[in-house]
Amino acid sequence: MSTDQLMAALPREMYVDEASWRVERDALLFAEWYCIGRLDDLGLDEASRVVAVDVAGESVLVTTDEQGDLHGAYNVCRHRGSQIQPVTEAPAGPPVACAASALRCPYHSWTYGLDGRLLKAPHADLDDHRPFALNPVAVQRWEGFVFVHLTPERAAPLHDAVEKAGLTLANYGLADLVTGKTLTYDVAANYKVLLENYNECYHCGPVHPELSRLVPAFAGGGTDLDWDNGIPHREGAWTFTTTGTTTRAPLPGLDEAERTRHKGDLVYPNLMISASADHVAAFVLVPRAVDRTEVVCTLLFASDAAADDAFDPSDAANLWDLVNRQDWAICESVQRGMSSRSYRHGWFAPMEDDSLDIRRWVLPRLRANGSQP
């Protein structure tokens, strides 16, 4: 393979430099639809609830009002800037909503409705409360997932971000699936390293021997993988479990190929979805720093399967935990290598073409924001 067959990856500073991280955070994470998790897991499937979520260092309140409609706002009182719901450190694992009838700042008791309207400012005698509503954050749901947009005045339709994944995974009934197991990881790597790793299978042979035995095509260097129709398992296997089989039935609505093949897609910047015949693994990436990412891996199952007294997701969870830990270990190795003074940028080989998607997604948005790596 000659050097002219290789394509340069993103430059080093976009993975290790703090100043570049702050620019990218403004241009991408704060200016795109960002997944915060599953509606049910966040506790937002009921009316009159509030949860504080972290979006790359910004604290955001997501609420459901008395009618159950979703609202979002920055967790900042419009009076003197106190957090309305104090957050001293990022929670370990997914945050969970609590019941609320209003939002009251603990500093001077300015009180807001669950839709962000200022209801009361004690002793302030304001003529008009409307200019003092909480600064809004857009909130929408898609297939059971909740997305926020921190720059709502610039938000494109959520449909634009999820359209491809929606087509690929249309038959899996994502909105009706329920959580059967949650695996949480703290990964010492930039979130883009995880996205790039997910988007190619060039690494599968050397990094995932067990997975490659289950899906032999994964061991072939990542070439000629037909993700539109799914990737077949070995003879006798049909799902992502330790044995390749399970007592759970395939999800209703799958076509014949999907009942024996594996499919996947991602929604930039932070949702990765891997779909098996009987369950779906959803990965929400929570960037904590330029070199640190929390990953919440949620295994989703049919509601009737999860409600069965004999339900045991360990056959899927054990395989996913093994594969995940292999991925995070190699991603952390990549991050350490990128931190070397000798590193300038990586290279993409032809079979890694799909992983070039990260450049196609990142670079135009940085340029539109006036930033050029």
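Residues numbered from 1 in each chain as written. Predicted model: local features only at pLDDT ≥ 70, side-chain atom pairs only at ≥ 80, totals over all residues. Heavy atoms only, no water.

A word on the packing of aromatic side chains
Each pair of aromatic rings is reported with the distance of its centres and the angle of its planes. Taken as a whole and assessed by the stated rule, the structure comprises eleven aromatic pairs. Geometrically, the ring pair formed by Phe-283 and Trp-320 is edge-to-face, given 5.6 Å between the ring centres and 65 degrees between the ring planes. Of the two residues, Phe-283 sits in strand E16 (residues 279-289) while Trp-320 sits in helix H8 (residues 314-338), which places them 37 residues apart along the sequence. Ring-pair connections join several aromatic residues into one group, and the members of that group are Tyr-185, Phe-240, Phe-283, Trp-320 and Trp-328. One residue, Lys-192, lies across the ring of Tyr-15, its end atom 4.8 Å from the ring centre. (Phe/Tyr/Trp six-rings, centres within 6.5 Å; stacked < 30°, edge-to-face > 60°. Helix = DSSP H or I, 4+ residues; strand = E, 2+ residues; numbered from the N terminus. Lys NZ or Arg CZ within 6 Å of the ring centre and 35° of its normal.)

Re the sheet that holds strand E3 (residues 49-55)
Ordered by their spatial adjacency, four strands build an open sheet running E5-E4-E3-E6, and the pairing between neighbours is antiparallel. Where the open sheet ends on each side, the last strands, each with one partner, are strand E5 (70-74) and strand E6 (98-99). (Pairing = 2+ DSSP bridges.)

Looking at the packing of helix H4 (residues 191-198) against H8
When two helices pack together, their arrangement is given by the angle between their axes and by how far apart the axes lie. Interhelical geometry of H4 versus H8 gives an angle of 125 degrees and a closest axis separation of 10 Å. Overall, the two elements H4 and H8 adopt an arrangement that is oblique. Helix-helix and strand crossings are classified by hand; for H4 and H8 the assignment is right-handed. Together, Val-193, Leu-194 and Asn-197 of H4 and Asp-327, Trp-328, Ile-330, Cys-331, Val-334, Gln-335 and Met-338 of H8 make up the contact between the two elements. Looking at side-chain class alone, the contact of H4 with H8 contains seven nonpolar, two polar and one charged residues. (Axes fitted to C-alpha atoms, helices over the stretch in contact; angles between N-to-C directions. Parallel < 35°, antiparallel > 145°, perpendicular 65-115°, else oblique. Left-handed = near helix turned anticlockwise from the far one by under 90°. Contact = heavy atoms within 4.5 Å. Nonpolar A, V, L, I, M, F, W, Y, C, P; charged D, E, K, R; others polar.)

What to know about the environment of Ala-156
Checked against the element boundaries, Ala-156 lands in the loop between strand E11 (145-149) and helix H3 (158-168). Given a relative accessible area of 39%, Ala-156 falls into the partly exposed group. The spatial distance from the C-alpha of Ala-156 to the C-alpha of His-233 is 38 Å, given a sequence separation of 77 residues. (Buried < 20%, exposed > 50% of the residue type's maximum accessible area, 1.4 Å probe, protein only.)

With respect to the sheet that holds strand E12 (residues 178-187)
Read from one edge of the open sheet, six strands run E12-E17-E16-E15-E14-E13, paired in antiparallel fashion. The outermost strands of the open sheet, each flanked by one partner alone, are E12 and strand E13 (231-232). Strand direction decides the pairing type here: strand E15 (residues 271-275) and E16, joined by five bridges, are antiparallel. Note on E16: the bridge partner recorded for Leu-271 is Val-284. Contacts between H8 and the sheet are confined to E12, strand E14 (261-267), E15, E16 and strand E17 (292-301), with E12 contributing the most and set at about 20 degrees to the helix.

Focus: the nonpolar core
In terms of nonpolar packing, the biggest core is built from 97 residues, with Val-62, Trp-142, Phe-147 and Leu-271 touching the most fellow members. In terms of residue count, H8 provides more of this core than any other element does, eight residues in total. Leave out the neighbours within four places in its chain, and Leu-271 touches Cys-35, Trp-142, Phe-145, Phe-147, Leu-266, Ala-282, Phe-283 and Val-284. Of all hydrophobic cores here, the second largest spans 15 residues; its members include Val-50, Leu-118, Ala-121 and Leu-134. (Core = buried A, V, L, I, M, F, W, Y, C linked by side-chain atoms within 4.5 Å.)

With respect to helix H2 (residues 18-29)
Restricting attention to buried positions, one finds in H2 the residues Ser-20, Trp-21, Glu-24, Ala-27, Leu-28 and Leu-29. Seen along its axis, H2 keeps its buried residues to an arc of 150 degrees; they face one direction. In this structure, the buried residues of H2 make contact with helix H1 (13-16), strand E2 (34-38), E3, H4, E16 and helix H9 (357-368). One side-chain oxygen at the N-terminal end of H2 lies 3.3 Å from the backbone nitrogen of Ala-19; it belongs to Asp-17. (Arc of directions from axis to C-beta. Polar contact = N/O pair within 3.5 Å; in protein donor to acceptor, adjacent residues only side chain to side chain.)

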